[in-house]
Amino acid sequence: MRYHDITKDDMKNGDGLRVVLWVSGCRHRCPGCQNPVTWNPEDGLLFDDGAKREIEEQLEKPYNSGVTFSGGDPLFPENEEEVTAYCRELKERFPEKTIWLYTGEVWEDIAGKEIFRFVDVLVDGKFEIESRDNKLHWRGSDNQRVIAVQESLRCGQAVLYDT
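Q: Can you tell me about the sheet that holds strand E1 (residues 2–10), naming the residues and giving the values?
A: On the basis of which strands lie adjacent, the open sheet formed by seven strands has the order E3-E1-E2-E4-E5-E6-E7 and mixed pairing. The sheet is open, and its two borders are formed by strand E3 (45–46) and strand E7 (145–148), each paired with just one other strand. Two strands pair when backbone bridges link them, and strand E4 (residues 66–71) and strand E5 (residues 98–102) are joined in this way by four bridges, in the parallel orientation. Directly across from threonine 68, in E5, lies its bridge partner tryptophan 100. In the packing of helix H1 (residues 49–59) onto the sheet, the strands contacted are E1, strand E2 (18–23) and E4, and the crossing angle to E1 comes to about 15°.

Q: Tell me about the pattern of salt bridges, and name the residues and values.
A: With the rule as written, the count across this model stands at eleven salt bridges. Put simply, glutamate 105 and arginine 27 hold a salt bridge, and the shortest N to O gap is 3.1 Å. Of the two residues, glutamate 105 is situated in the loop between E5 and helix H3 (107–110) and arginine 27 in the loop between E2 and E3; the sequence distance between them amounts to 78 residues. Using a relative accessible area of 17% as the deciding quantity, one classes glutamate 105 as buried. For glutamate 56, the salt bridge is made with arginine 93, and the minimal N-O distance between the two is 2.6 Å. In this pair, glutamate 56 sits in helix H1 while arginine 93 sits in helix H2 (residues 77–93), placing the two residues 37 residues apart along the sequence. For glutamate 56, a relative accessible area of 12% translates into the label buried. Via salt bridges that share partners, Glu56, Glu60 and Arg93 belong to a single interconnected network.

Q: Which residues make up the packing of aromatic side chains, and what values do they have?
A: Scanning the entire structure with this criterion turns up seven aromatic pairs. Here phenylalanine 47 and tyrosine 86 contribute two aromatic rings whose centre-to-centre distance is 5.3 Å and whose plane-to-plane angle is 70°, an arrangement assigned as edge-to-face. Of this pair, phenylalanine 47 sits in the loop between E3 and H1 while tyrosine 86 sits in helix H2, and the two are 39 residues apart along the sequence. For phenylalanine 47, a relative accessible area of 5% translates into the label buried. Judged by centre distance (6.3 Å) and plane angle (80°), the ring pair of phenylalanine 69 and tyrosine 86 falls under edge-to-face. Placement of the pair is phenylalanine 69 in strand E4 and tyrosine 86 in helix H2, with a sequence separation of 17 residues. The burial state of phenylalanine 69 is the same as that of tyrosine 86; both residues are buried. Pairwise contacts between aromatic rings join Tyr3, Phe47, Phe69 and Tyr86 into one cluster.

Q: Run through the environment of leucine 101, naming residues and quoting values.
A: Locating leucine 101 in the fold gives a position in strand E5. The class of leucine 101 is buried, set by a relative accessible area of 0%. In this structure the C-alpha to C-alpha distance between leucine 101 and glutamate 128, which are 27 residues apart in sequence, comes to 18 Å. Once residues within four sequence positions are removed from consideration, leucine 101 is found in contact with Phe69, Pro74, Leu75, Val83, Ile115, Val119, Val121, Leu122 and Val123.

Q: Go over the pairing of E4, please, and point to the residues and values.
A: With six of its six residues buried, E4 lies for the most part within the structure. Bridge count for E2 against E4 is six bridges, and the pairing is parallel. Opposite arginine 18, over in E4, you have glycine 66 as the bridge partner. In this region the chain leaves E4, passes through H2 and returns to the parallel neighbour E5; the handedness of that crossover is right-handed.

Q: Please give an account of the nonpolar core that cites residues and values.
A: Membership of the largest hydrophobic core comes to 29 residues, with the highest contact counts inside it found for Leu21, Ile55, Phe69 and Phe116. Among the elements of the structure, E1, E2, H1, E4, H2, E5 and H3 are those that each provide at least two residues to this core. For this core, the element with the highest residue contribution is H2, accounting for four residues. In this structure phenylalanine 116 touches Leu75, Trp107, Ile110, Ala111, Leu122, Val149, Gln150 and Leu153, once residues within four positions along its chain are discounted. Core analysis: the next-biggest nonpolar cluster, separate from the first, contains six residues, Tyr102, Val121, Val123 and Trp138 among them.

Reading the values: the criteria
Residues numbered from 1 in each chain as written. Predicted model: local features only at pLDDT ≥ 70, side-chain atom pairs only at ≥ 80, totals over all residues. Heavy atoms only, no water. Pairing = 2+ DSSP bridges. Helix = DSSP H or I, 4+ residues; strand = E, 2+ residues; numbered from the N terminus. Contact = heavy atoms within 4.5 Å. Axes fitted to C-alpha atoms, helices over the stretch in contact; angles between N-to-C directions. Salt bridge = Lys/Arg side-chain N within 4 Å of Asp/Glu carboxyl O. Buried < 20%, exposed > 50% of the residue type's maximum accessible area, 1.4 Å probe, protein only. Phe/Tyr/Trp six-rings, centres within 6.5 Å; stacked < 30°, edge-to-face > 60°. Right-handed = clockwise from strand over helix to strand, strands pointing away. Core = buried A, V, L, I, M, F, W, Y, C linked by side-chain atoms within 4.5 Å.

Without other data, these values stay purely geometric and don't point to any function.
What follows is the structure, encoded as structure tokens:
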């Protein structure tokens, strides 16, 4: 897996102060995407132990709420296995930190994936430029949803995240 950036002290991509991993690779190619540079899975840096260490050093800080996986798309086929394994590892090491994940996929189509055993909040759906709203919290267009994953798994349907 490759990635473009690790953002520290981010307040726009999830609740609280977060570290964000911007993975490479996306097949959605949404018109108006804020990160088209992340579409090509061959671009960016190799996600290695140094990148993991950089994220984990941030998560060790008590004021940091958690990690967000964005991109690109963390569920891009070439990313999913490694992102799932890393989410498992982070949840075991930092159980008090939240994991957020952004994808262009829709919850109803992906709810059965193993990764959701470790993810707390999902922002689903493709970005739609015609539905863009700069006043939305944690999402770019009003078709996207902010979903409480563990509650959704228990209920068997998408439950919106309530701040």
